[in-house]
There are 2 protein chains.
Amino acid sequence: MPSYTANTKDMQFVLHEVLKISEAGIPGYEEMDRDFTDAVLDAAAKVSAEVLAPLNVVGDTEGCVLENGIVRTPKGFDAAFEAMKDGGWTALDCDPDFGGQGMPYLLNCAVGEMFVSANMAFNMYQGLTHGAYSAIHAHGTDEQKAKYLPKMVSCEWTGTMNLTEPHCGTDLGMMRTKAEPQADGSYKVTGQKIFISAGDHDLAENIIHLVLAKAPGGGEGTKGVSLFIVPKFLVNEDGSLGARNAVSVGKIEEKMGIHGNSTCVMNYDGATGWLLGDLHKGMRAMFTMMNEARLGVGLQGYAVAEAAYQNALAYAKDRLQGRAVTGTENPNGPADPLIVHPDIRRSLMDQKSFLEGARAFTFWGASLIDRAHKSGDDDAEGLISLMTPVIKGFLTDKGFETTVLAQQVYGGHGYIEEWGMSQFARDARITMIYEGANGVQALDLVGRKLAQDGGKHVMAFFEMIKAECKAHDADERMKPFTDALKGASKQLQSSAMFFMQSGMKNPNAALSGSYDFMHLMGHVCLGLMWTRMAAAAHAALDAGASDKAFYEGKIATGRYYMARQLPACAMHLARIESGADPVMALSVDQF
Amino acid sequence: MPSYTANTKDMQFVLHEVLKISEAGIPGYEEMDRDFTDAVLDAAAKVSAEVLAPLNVVGDTEGCVLENGIVRTPKGFDAAFEAMKDGGWTALDCDPDFGGQGMPYLLNCAVGEMFVSANMAFNMYQGLTHGAYSAIHAHGTDEQKAKYLPKMVSCEWTGTMNLTEPHCGTDLGMMRTKAEPQADGSYKVTGQKIFISAGDHDLAENIIHLVLAKAPGGGEGTKGVSLFIVPKFLVNEDGSLGARNAVSVGKIEEKMGIHGNSTCVMNYDGATGWLLGDLHKGMRAMFTMMNEARLGVGLQGYAVAEAAYQNALAYAKDRLQGRAVTGTENPNGPADPLIVHPDIRRSLMDQKSFLEGARAFTFWGASLIDRAHKSGDDDAEGLISLMTPVIKGFLTDKGFETTVLAQQVYGGHGYIEEWGMSQFARDARITMIYEGANGVQALDLVGRKLAQDGGKHVMAFFEMIKAECKAHDADERMKPFTDALKGASKQLQSSAMFFMQSGMKNPNAALSGSYDFMHLMGHVCLGLMWTRMAAAAHAALDAGASDKAFYEGKIATGRYYMARQLPACAMHLARIESGADPVMALSVDQF
């Protein structure tokens, strides 16, 4: 069975030596000193290893079962969920006014990385609740907040998000679910929603569904869509549970992975709901939470890969097979461990250099969200909006790729379910799809985010890279980083320029390159992160840090990323600059 | 449920317009005219669509079950296996002396592509038998051939290959299975073998296991390994079945995919076996079949992807979502089909351009095997030995990637088992692992094949590319192909040069780049194939071919490959030229 140990050391490095959070000037961050975050991360690491990880394979094997209209989660999930609630882990960054602990979103992400690595399917129950919490917190009336939030913060009640219908996912304008206004101010919601994660289960006494539906008078397309609160059990004035609402589970989907989470078809048959936020502004309400939700999925992408990598690394150290080409390294054994072989190293370094870069990138993104929310910093808001599709799309694509690399280290055993590597690959696969398929992320990035606010944010990003490189100008040791970053950044700028010039004439020219642009930008972001991490590591070494092996390893891993991963940028640029013609040349019949 | 229709048109194009098989001067090929191959391919297409494809999901869902020591295959597999035998499909390229039809191996591959696309797990039962047939055919005594081959050609008896043990896969020198000589010339075989595809099942009355084991006196490592024939039921002199041999199924492995094929742990408890080939030369005997077996797995890699692509294409034409950015294309519908969106096109073109190139590459490889075997052409033998790790490693990596791309087109539905796309991805994944994991293919390519016969074959490959480009020098229309191919070929040569120069000093420098080299060479091979296909398409158009849409589509698809896939070559070169340092920099403890 696979195991998982949280890499709290690397998290601390990112928080305190790269992001330097307690000096960042973000409200709430000043309390986040090393001792404090250490205590939180250690406690979360313990829960991850002892409570969540042992249930990961169980969840995959047993899955969820629909019995008489009620979904049963796998054995042990209920006790683990109680432990999460008791430990206060569901309330970490929630509003203290509703029972939350008011910590930064960033810290919630660090803890979340562990929980996802340990058991992604399990963690979704509280993850979805957090999303619904945020929506109600942002758009609910005081009454709604008082009614729902305390129970959702504690996860006594969980939440869901209901967007997709059988015939429409990305294109929500075609939505058929209807909401009819009632005399008492409530609505009757009728329709079918699919792919509803945690749609039903036995872990909470109530489930608060947030449902997108069309109310009369809103016009065509997404303009007519509103967001509704539809609880599984209606909630009485005194907060006690009332009648069962007219919402039921149609079926549980059989999925490729995340079997421990119940993915439901939900039927709303005139269910009672209440408008959340403004009428006909449901899409906007939903999108308020988008940066956070998508960052959360990007985090899942690399967090599952982190667990897979840890196991691949252990296997590579343990499994004896063949001899090192440069001479036997394990003369007393029948063979050398896999890790002596250069191609196994290549694979492990691809994994490690991506994972550490992804962690820094995600944590940085989370700190931007905190800065935007807590300081009302519009530039931070603009920057994280720009980064969000990259975090989601790039980190989940590469996360899946990394998981597959880790699985490959196991050879034949990687394909056998018993060893657990297949589950990681099957689980990771969903992250490329849900919360906006990665092609949609690329479209969002190139079709919307690049030009947002007159292109101000992407220009700021380029300036940030320039400043970073300039800061290390005098440091010869940083040249492998700054040279590679400058080159990659230039390729990214050339791509953006190509889009501007050719996109005027033919919008397909930009959109044909959108996916490559997302990846190219992802590499530039990780290149920037590695430059910052290398600088931080050099600073620590210069200051006489005792753990030389860690910092030197950090620099070497970064050099690997710059030398071996950044060359993908030129490929993406070449693909982008080939324009729309190769992509659009065939008629539909010629396929 | 997914469907599959064999692309016989494209196969015919490759056979007759690209490879021009009936003029190729290979014994047996002269009879392969268009009408003949058309008849065979059409018949095979019918069996694929009507008999095999409908059982693909069934096989995945039901899987194989071990009951009282006997493996039961999924419902319908037995009838389908009878149909395959009755149709003579198991005997296509087998030796007529033993009941085979004596057709080219190439034709067997074309038919095999269909069978794999339709139902990979099912087709493995006969595929493994074919491998065992080839081993006995090449190394068996006349008596052994007479005893086993006719029943194996007809698949009344099936075959297996037993190499892996729990503690050793790639490194077979550590093998523990023992063979003790008996007075009557037989051996007693004792040991445990794992990952035995089609190890037991209910489709045949006998199973002929080929088992690698160590017989006394052979020395250490792989030198002491011999190959043995160990039938499930002993075969009497008159050919009737005798006593049950001491071989049993330990368990069926639960795998990520190919559930329809029984992957068994096999226990040999003093089972009676007979030496196949020379004593202590078992590895050599096993490797005789290697080119064929590995080409077969490369073929699986793209064949599963072909099935996935066909379904993704149908979905992209059918599913309405969003509007084309250049203006509505389906004004009477609620939205435009997915295929109008440039990023969906990008994905489909990545798939299509790979698949058609992979088909041409594999068919060309198969024709080299025929040339080597039937004409005793050593250059062809050398060339296919060089190409084999590329066909296996590159086509399975890209095949899996392509399958994942196809799955992605479905959005959320791609993750739901019901739609069948998850199965394609799960099935395709094994091809990167078995028959030598792809890292081992890369090692074989760079560590052995490049320098084989003094590097003669790789030089011949470069000359072939040069000649191909030269042949189209005067044709302006071919420039997008020849220019790109020349550039990629030069990058491949630079890589080989780097290996020669740096590998002398440090063997890790070459091996650190082996995986990238395999991919770089794969792209060059597909670039060569596309150049040939484009030339053939132009020739057809110049000759006034009526099906202009097909040939123009072929050229456009090729241009996509050259413009959008070949840029990966420069990335691989950059990775290779970064050498061993980034890869080997960390100590084991620093990971």
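- With an unreviewed UniProt entry as reference, chain A is termed Acyl-CoA dehydrogenase C-terminal domain-containing protein, source organism Sedimentimonas flavescens.
- According to the UniProt record, the Sequence similarities (unreviewed entry) comment for chain A is "Belongs to the acyl-CoA dehydrogenase family."

## A closer look at the side chain of His341 of chain B
Residues and elements named next belong to chain B.
Point 1. Mapped onto the elements of the fold, His341 is located in the loop between helix H8 (290–318) and helix H9 (342–375).
Point 2. Classification of His341 by relative accessible area gives buried; the value is 19%.
Point 3. Non-local contacts of His341, meaning those with residues more than four positions away in its chain, are made with Gln321, Gly322, Arg323 and Ala324.

## As for the domain arrangement of chain A
Residue and element names in this part refer to chain A.
Point 1. As far as domains go, chain A holds domain 1 (8–139), domain 2 (158–280), domain 3 (289–436) and domain 4 (452–584).
Point 2. The interface is formed by five residues belonging to domain 1 together with nine residues belonging to domain 4.
Point 3. For the pairing of domain 1 and domain 4, the buried interface totals around 620 Å² over both sides, and the portion due to carbon and sulfur atoms is 66%.
Point 4. Together, Lys9, Phe13 and Glu17 form the three largest contributors to the area buried by domain 1 at its contact with domain 4, with a combined 67%.
Point 5. Where domain 1 meets domain 4, there are two salt bridges.
Point 6. The partner of Lys9 in a salt bridge is Asp547, with the nearest N and O atoms 2.1 Å apart.
Point 7. Across the contact surface, domain 1 and domain 4 share three residue pairs in polar contact (both at pLDDT 80 or more).
Point 8. A breakdown of the residues in the side of domain 1 that touches domain 4 according to their chemical character gives two nonpolar, no polar and three charged.

## Thoughts on the UniProt feature "domain: Acetyl-CoA dehydrogenase-like C-terminal" (unreviewed entry) in chain A
Point 1. Residues given the UniProt feature "domain: Acetyl-CoA dehydrogenase-like C-terminal" (unreviewed entry) here are residues 461–586 of chain A.
Point 2. Overall, residues 461–586 of chain A shows 83% helix and 0% strand. The separation of its end C-alpha atoms is 37 Å.

## Some thoughts on the interface of chain A and chain B
Point 1. Each side of the interface is counted separately: chain A has 93 residues, and chain B has 93 residues.
Point 2. Of the roughly 7600 Å² buried between chain A and chain B on both sides combined, carbon and sulfur atoms contribute 62%.
Point 3. Broken down residue by residue, the surface that chain A buries against chain B is led by Tyr415, Arg564 and Phe591 of chain A, which jointly contribute 13%.
Point 4. Where chain A packs against chain B, one counts six salt bridges.
Point 5. Measuring nitrogen to oxygen at the nearest pair gives 3.0 Å for the salt bridge that ties Arg575 of chain A to Asp350 of chain B.
Point 6. The interface formed by chain A and chain B contains 44 residue pairs in polar contact (both at pLDDT 80 or more).
Point 7. At nine residues, helix H17 (residues 548–565) of chain A tops the list of elements feeding residues into the side of chain A that touches chain B.

## Comments concerning helix H16 (residues 514–542) of chain A
Point 1. If you check H16 of chain A, its first and last C-alpha atoms are 42 Å apart, about what 29 residues at 1.5 Å a residue would give, namely 42 Å.
Point 2. Among the 29 residues of H16 of chain A, 26 are classified as buried, and the element is accordingly described as predominantly covered.

## Details of the relation of the copies chain A and chain B
Point 1. When chain A is brought onto chain B, the operation consists of a screw motion whose angular component is 180 degrees and whose axial shift is 0.0 Å, with 0.0 Å RMSD remaining. Here the symmetry operator amounts to a two-fold rotation axis. For chain A, the minimum C-alpha distance to the rotation axis belongs to Met571 of chain A and amounts to 3.2 Å.

## Remarks on unusual backbone geometry
Point 1. For Asn68 of chain A, which is not a glycine, the phi torsion comes out positive at approximately 50 degrees.
Point 2. If you trace the backbone, Asn68 of chain A turns up in the loop between strand E1 (65–67) and strand E2 (70–72).

## Considerations on the packing of helix H5 (residues 105–139) of chain A against helix H6 (residues 142–153) of chain A
All names here are of chain A.
Point 1. Two elements in contact, H5 and H6, have axes whose closest approach is 10 Å; the angle formed by their N-to-C orientations is 160 degrees. In this view, H5 runs roughly antiparallel relative to H6, as classed from their interaxial angle. Relative to H6, H5 is oriented so that their crossing is left-handed. Of H6, the residues touching H5 (which contributes Thr129, Ala132, Tyr133, Ile136 and His137) are Gln144, Lys145, Tyr148, Leu149, Met152 and Val153.
Point 2. Across the contact of H5 with H6, the residue classes tally to seven nonpolar, three polar and one charged.

## Some details on the nonpolar core
Point 1. Core analysis: the biggest nonpolar cluster contains 391 residues, and Met387 and Phe461 of chain A together with Met387 and Phe461 of chain B have the highest contact counts within it.
Point 2. Setting aside its immediate chain neighbours within four residues, Phe461 of chain A contacts Leu383, Leu386, Met387, Leu492, Met521, Val524, Cys525 and Leu528 of chain A.

## Considering the environment of Met500 of chain A
Point 1. By secondary structure assignment, the location of Met500 of chain A is in helix H14 (residues 479–505).
Point 2. For the pair Met500 of chain A and Leu450 of chain A, spaced 50 residues apart in the sequence, the C-alpha separation amounts to 9.9 Å.

## Describing the pairing of strand E4 (residues 178–181) of chain A
Regular strands place side chains that alternate from one sheet face to the opposite one.
All names here are of chain A.
Point 1. By the bridge criterion, four bridges tie E4 to strand E5 (residues 187–197) in an arrangement that is antiparallel. Looking across to E5, one finds that Lys178 is bridged to Thr190.
Point 2. Here E4 hands over to E5 after five residues, with Gly185 in that stretch at a positive phi of 95 degrees.

Rules and cut-offs
- Each chain carries its own residue numbering, running from 1 in the direction its sequence is written.
- Chains carry letters and ligands carry numbers; both start at the beginning, A for chains and 1 for ligands, and go up in the order they are written.
- Reporting in this predicted model follows two pLDDT cut-offs: at least 70 for local features of residues, and 80 or more for side-chain atom pairs to be given and counted; totals over whole chains, interfaces and linings ignore these cut-offs and use all residues.
- Heavy atoms from the whole structure form the basis of all side-chain values; hydrogens and water molecules are not counted.
- UniProt positions are given in the numbering used here, feature names are shortened, and annotations may be inferred rather than shown by experiment.
- Strands here are runs of E lasting at least two residues and helices are runs of H or I lasting at least four, both read from the DSSP assignment and numbered beginning at the N terminus.
- To sort residues, take the accessible area from a 1.4 Å probe on protein chains only and compare it with the maximum for the residue type: under 20% means buried, over 50% means exposed, and anything in between is partly exposed.
- By the convention used here, residues are in contact when the closest approach between their heavy atoms is within 4.5 Å.
- Domain borders in the structure are assigned automatically or taken from a domain database.
- Buried area: the sum, over both parts, of the accessible surface (1.4 Å probe) that disappears when the two are put together.
- Just to be clear on terms, a salt bridge is a Lys or Arg side-chain nitrogen sitting within 4 Å of an Asp or Glu carboxyl oxygen.
- Under this definition, polar contacts are N or O atom pairs within 3.5 Å; protein pairs additionally need one hydrogen-donor-capable and one acceptor-capable atom, and for neighbouring residues in sequence, both atoms have to be side-chain atoms.
- Only Asp, Glu, Lys and Arg are considered charged, only Ala, Val, Leu, Ile, Met, Phe, Trp, Tyr, Cys and Pro nonpolar, and every remaining residue, Gly among them, polar.
- What a helix is expected to span follows from its residue count: subtract one and scale by 1.5 Å.
- The atoms used to superpose the copies are C-alpha atoms, taken from residues with pLDDT of at least 70 in both, and the fit is least squares.
- Helix axes are fitted to C-alpha atoms over the stretch in contact, other axes to C-alpha atoms as well, and angles between N-to-C directions run from 0 to 180 degrees.
- In these notes the angle categories are as follows: under 35 degrees is roughly parallel, over 145 is roughly antiparallel, 65 to 115 is roughly perpendicular, and the rest is oblique.
- By definition, any crossing whose near helix is turned counterclockwise from its far helix by less than a right angle is left-handed, and any crossing with a clockwise turn is right-handed.
- To define a nonpolar core, start from buried Ala, Val, Leu, Ile, Met, Phe, Trp, Tyr and Cys residues and group those joined through side-chain atoms within 4.5 Å.
- Only strands that DSSP links by at least two bridges are regarded as paired with each other.

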